[in-house]
Amino acid sequence: MFFGFNSAVKGLLASQRALYTTNHNINNANTKGYSRQQVEQRATDPFRMPGIGFLGTGTEIYNVQRVRDAFVDFKYWNETAPLGEWEIKKNVLTEIEKLMGEPSDSSFRKYLDDFYASLEEMSKNPSDLSFREPVRENALAFTKHINETAERLMDMLKEVEYNIDMKVKQINSLAEQIGALNRQIYSQELDGKPANDLRDRREILVDELSKIVSVRVSESPEGKYTVSVEGISLVDHLYVNRVVFNKDGTKGEKISWENGGIINLKSGELKGLMDVYEGDGENNTYRGVPYYINKLNEFARGFAEKFNAIHKQGYGLGETREGEGIDFFVISNWNEAAATISINQEILDDVKKIAAAGVSGGLAEDNTNLLKLIGQREDPRFFTGGVSQGTPDDFIKSILSSMAVDSLQAKRLFGTQELIQKNIETKRSSISGVNLDEEMADMVRFQHVYVASSKMISTMDMVIDVTINRLGLVGR
């Protein structure tokens, strides 16, 4: 008697639960990382009626499933790592470009031009102190610019080191959170039903992690979830293998596992940071901050050595013609030449000791040694050996051209990777994202089913009422 009534109630409950899921989707339309959910519905087992056959018994919601494409997720995580790597390199090289200041009034070329221009002016009247003082001041400005640039590069290196430490801590934190979610998800899915919202939270964490390091994700049929970095498990279901940053380690071995194994980074923000932190350009390695520090030191050492070699041969101004054998530039720490290059204190105290004359006891207007210093700027063998060779201007140009090539490459690769990533993200959003128009259409559809089911219940109520209370009353 109550057969049809039960079928109508099942339809009512099914449409009600479908509306709940639609409501959940609408509420999370703007939630980061949320995956659209949909109910999975099926007909319940039919009832066999003798002489009639199988009669339908209604419907049921047997599962609520996320709409997610595992292959698109794999592509997204695979392409996010190189995006993070080239973004880091692009940003660091942009900072170095600003630091070098080419072309501008605060560039190396400008300070070098001003220094040699003051030498040329001094050559016109070397006996006049007013012509000598600009040489001292411009030389001082030139060396201070080298000092400041070197110090800023060293500060940049410290900032990169700090960021590496923060990224390693972030990796460990994300791994711990993924491990904790693995425990929750595993315990809640023992009945075979997916913990959709917890899975979304876990994959948001994997999204963040995939930008820092290249990751691979796998899940066994038993629900054991593994996140690996360069072939080694970072998260093996409930177990977490922590990452360590040893800034005092040898090159290429500063990032390791807690158990001591070296991580051979392939891509990601951490890879980009390590390249700009360790890259010295040797053996075709990446040209990072150390490369530019080394080049600046090489320039400071080479320039001071060559300039001093000629300056020592000349004589200063005055009756005793002091200045013979005096270095014009001094470097207090040869390994940090750019940061410690300065003007000889004797010249700072007395500009007469600038060795302009070529003959001891000669005329006060003697500028022969000064002309050698000026002409030395065009010496193609001023710097020899290596890629950066030629005149001081050639040396600076080689540094700037290397920086320009690296920066352009980083910007192009970042732009290409960003475009690829946006395409994948758009596809991912089209699959898993919430479309409000679709949800509203579903809401109307489920609402109609709900209303129809409720009317069916009212109808069955009338049928049962007539059957029980009115049948057989005729003729009484």
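This write-up is about the structure you can find in this document.

Cut-offs and rules
Starting from 1, residues in each chain are numbered consecutively following that chain's sequence as written. Per-residue local features of the predicted model are confined to residues with pLDDT of at least 70, and side-chain atom pairs are confined, for both listing and counting, to 80 or more; whole-chain, interface and lining totals are unaffected and use all residues. As a convention, hydrogens and water are excluded, and side-chain values are obtained from all of the structure's heavy atoms. Runs of E in the DSSP output that reach at least two residues are strands. Runs of H or I that reach at least four are helices, and both are numbered from the N terminus. Within these notes, the globule rule equals 2.2 Å times the number of residues to the 0.38 power, and the radius of gyration is based on C-alpha atoms. Contacts are assigned to residue pairs with any non-hydrogen atoms lying within 4.5 Å of each other. His residues and chain termini do not enter the charge count, which takes Lys and Arg as positive and Asp and Glu as negative. Where a charge sits is defined by one atom per residue type, namely NZ (Lys), CZ (Arg), CG (Asp) or CD (Glu). Computed over the protein atoms alone on a 1 Å grid, cavities are sets of points where a 1.4 Å probe fits but cannot get out and pockets are open sets with protein on both sides within 12 Å along at least five of seven lines; a residue lines them when it has an atom within 4 Å of a point. Grid points are joined across faces, edges and corners, and a volume is the space filled by probe spheres set on the points. Residues are grouped as follows: Ala, Val, Leu, Ile, Met, Phe, Trp, Tyr, Cys and Pro are nonpolar; Asp, Glu, Lys and Arg are charged; all remaining types, including Gly, are polar. By convention a nonpolar core is built from buried Ala, Val, Leu, Ile, Met, Phe, Trp, Tyr and Cys residues, the set being connected through side-chain atoms within 4.5 Å. Three exposure classes are used, based on accessible area relative to the maximum for each residue type with a 1.4 Å probe and protein chains only: buried under 20%, partly exposed in between, and exposed over 50%. A side-chain nitrogen of Lys or Arg and a carboxyl oxygen of Asp or Glu constitute a salt bridge if their distance falls within 4 Å. Any two strands with at least two DSSP-identified bridges between them are counted as paired. Every axis in this analysis is a line fitted to C-alpha atoms, fitted for helices over the stretch in contact. Angles between the N-to-C directions lie between 0 and 180 degrees.

Right, let's get into the overall build of the protein. Within the protein, the secondary structure is distributed over 12 helices and 12 strands. The C-alpha atoms of the protein give a radius of gyration of 38 Å, which is well past the 23 Å a tight globule of 476 residues would have. With the C-alpha coordinates of the protein rotated into their principal frame, the extents come out at 155 × 45 × 30 Å. Taking the contacts inside the protein whose residues are at least 6 apart along the sequence as the reference set, 66% of them involve residues at least 24 apart. Averaging the positions of the 57 positive and the 70 negative side-chain charges in the protein gives two centres separated by 7 Å.

Let us look at the layout of surface pockets. In this model, the largest pocket occupies a volume close to 520 Å³. For the lining of the largest pocket, the leading source of residues is helix H11 (residues 392–432), giving five residues. Residue composition of the lining of the largest pocket, grouped by class: six nonpolar, nine polar and seven charged.

If you look at the biggest cluster of nonpolar residues, it comprises 96 residues, and the most contacted ones within it are Ile96, Phe115, Ile164, Ile255, Phe303 and Phe328. With 17 residues, the single largest contributor to this core is helix H4 (residues 129–188). Discounting residues that sit within four places of it in the chain, Ile96 has contacts with Leu153, Met156, Val289, Tyr292 and Met403. Within the second largest apolar cluster, five residues are counted, among which are Ala14, Val39, Ile61 and Phe446.

Take Arg132: it is sitting in helix H4. We note that Arg132 is buried and unpaired, the nearest opposite charge coming from Asp350 at a distance of 7.4 Å. Beyond its immediate stretch of four places on either side in the chain, Arg132 contacts Met122, Pro126, Gly316, Leu317, Val351, Lys352, Ile354 and Ala356.

Moving on: the sheet that holds strand E6 (residues 225–229). What the four strands build is an open sheet, ordered E5-E6-E7-E8; its pairing is antiparallel. Across the chains shown, the open sheet's two edge strands, defined by having one partner strand only, are strand E5 (215–219) and strand E8 (239–240). Alignment of strand E7 (residues 232–236) against E8, held across two bridges, turns out to be antiparallel. Across the sheet, the residue bridging to Val235 is Val240, located in E8. Contacting E6, E7 and E8, H4 runs over the sheet at an angle of about 50° to E7. Relative to the sheet, helix H5 (residues 196–212) contacts E5, E6 and E7, its axis offset from that of E5 by approximately 155°.

Turning our attention to the pattern of salt bridges. Taken as a whole and assessed by the stated rule, the structure comprises 33 salt bridges. A salt bridge links Glu269 to Lys167; the shortest N-O distance between them is 2.8 Å. Separated by 102 residues along the polypeptide, Glu269 in helix H6 (residues 269–278) and Lys167 in helix H4 bring together distant segments of the chain. When its relative accessible area of 10% is taken as the criterion, Glu269 is described as buried. We note a salt bridge from Arg445 to Asp442, for which the minimum N-O separation is 2.9 Å. With a gap of three residues between them, Arg445 and Asp442 both fall in helix H12 (residues 436–470), about one helical turn apart. With a relative accessible area of 23%, Asp442 lands in the partly exposed category. Several salt bridges share partner residues, and in doing so they unite Arg66, Arg68, Asp73, Asp200, Glu203, Asp207 and Arg428 into one network.

Moving on, we come to the environment of Gly58. Mapped onto the elements of the fold, Gly58 is located in the loop between strand E3 (53–55) and strand E4 (59–66). In this structure, the C-alpha to C-alpha distance between Gly58 and Thr44, residues 14 residues apart in sequence, is 5.7 Å. Once residues within four sequence positions are removed from consideration, Gly58 is found in contact with Ser7, Ala43 and Thr44.

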